[in-house]
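Residues per chain, in single letters:
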Amino acid sequence: MTSAAHRRAIICTGNAHKVEELGELLAGLDFDFAALPAETELPPETADTFVGNARIKAEAGHAGFPDAWVIADDSGLIVDALDGAPGVWSARFAGEHATDTENVDLLLERLADTPDDERTARFACVLVTIAPDGSELVAEGFVEGTILRAPAGESGFGYDPVFVPIGHTESFAQLGSDVKAQLSHRAHAAQALRDQLVELGA
Ligand code: IMP
C-alpha cells in the first residue's frame, strides 16, 4: 500500500463524537478524518454480529467514496447471564426507538434475579476498515466488567450508568470520559486498528 500524506479517512457514522474520538485515538497516522456527509444514508444494520453490521456500513461507505479509506464501527453490551444479550441489539433492546433509560431499565429487570457474582458482562467494539483498493481490516476491542443493580452516575451514554469496569468500583458514568477513554472497548479496538495500519506501513 502506498503512503501518501494526508489520506482521507471517512468515519461511517452520523455521530460527530465518534469522528472526533477516533481521530484522537488514531492521531499521527497521516489520515484526515471526516464524517460521512450528512445526506448520506447508511443501510439498516441487519446482521446478527458486530462485524457483520460494521461491514454493512463500511461497504456502503466504500461504494460511495471509493477513493477514501472508510472506517465503520459497531458496538454493544454482552451480558453472560442473558446468553450474550443485548449484543448487536443493544441500541434497540427495549424497542426500535428505545431510549437509553428504557434499555437500561429492561436490562436491570432481566437481571433482577441474577446474583452479584453472575452479573459479568463486556462491551465489545468492532471496527471494519476498507482501503481504496478494497482490502479490509477488522479490529476488535473489549472491556470486561459487571452490571450494577441500579444506575449510578451522570456522564456518558447507553449502559454506562450500570457498567462497572473490572478493577474499579464505580460505573463508567461515574468514572467519566477521561477514564473511559483509556479503558473502553472503542479505545482497544482503535489501538488494534492502529497496530494493523502501522504494520501495513499505512
Ligand atoms: P452503536 O455501535 O453506536 O450502534 O451502539 C450500540 C449501542 O450499544 C449503543 O446505543 C449503546 O446502547 C451500547 N453501547 C455501545 N458502546 C457503549 C458505551 O461505551 N457505553 C454505553 N453503552 C454503549
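Data block above holds the structure.
Source: prediction; values computed, not measured.

### Comments concerning the site of the ligand
So, step 1. The local shell around the ligand holds 14 residues, among which Lys18, Ser75, Asp160, Lys180 and Arg186 are the closest.
So, step 2. In this structure, Lys180 approaches the ligand through a side-chain N or O atom, which is 2.8 Å from an oxygen atom.
So, step 3. Between His185 and the ligand, the recorded distance is 3.1 Å, taken from a side-chain N or O atom to a nitrogen atom.
So, step 4. Within the complex, the protein chains bury 87% of what would otherwise be the 480 Å² of accessible surface of the ligand.
So, step 5. With 3 residues, strand E3 (residues 69-79) is the single largest residue contributor to the shell around the ligand.
So, step 6. For the shell around the ligand, the class distribution of residues is 4 nonpolar, 5 polar and 5 charged.

### Digging into helix H2 (residues 50-64)
So, step 1. Between the first and last C-alpha of H2 there are 22 Å, a value that for 15 residues agrees with the 21 Å anticipated at 1.5 Å per step.
So, step 2. For H2, the set of buried residues is Phe50, Gly52, Asn53, Ala54, Ile56, Lys57, Ala58 and Gly61.

### A look at the side chain of Ser184
So, step 1. Counting through the fold element by element, Ser184 comes out in the loop between helix H5 (177-183) and helix H6 (185-200).
So, step 2. Excluding its chain neighbours within four sequence positions, the residues that come into contact with Ser184 are Val143 and Phe172.

### Observations regarding the pairing of strand E4 (residues 120-130)
So, step 1. Taken across its 11 residues, E4 has 10 buried, putting it largely inside the fold.
So, step 2. The sheet contact formed by E3 and E4 spans 10 bridges and is antiparallel. The partner of Ala72 across the bridge, within E4, is Val128.
So, step 3. Inspection of the sheet shows E4 paired to strand E5 (residues 136-147) by 11 bridges, in the antiparallel sense. By the bridge assignment for E5, Thr120 is matched with Thr146.

Conventions used here
- Residues numbered from 1 in each chain as written.
- Predicted model: local features only at pLDDT ≥ 70, side-chain atom pairs only at ≥ 80, totals over all residues.
- Heavy atoms only, no water.
- Near = heavy atom within 4 Å.
- Polar contact = N/O pair within 3.5 Å; in protein donor to acceptor, adjacent residues only side chain to side chain.
- Areas by Shrake-Rupley, 256 points an atom, 1.4 Å probe, with all protein chains shown as cover.
- Helix = DSSP H or I, 4+ residues; strand = E, 2+ residues; numbered from the N terminus.
- Nonpolar A, V, L, I, M, F, W, Y, C, P; charged D, E, K, R; others polar.
- Expected span 1.5 Å × (residues − 1).
- Buried < 20%, exposed > 50% of the residue type's maximum accessible area, 1.4 Å probe, protein only.
- Contact = heavy atoms within 4.5 Å.
- Pairing = 2+ DSSP bridges.

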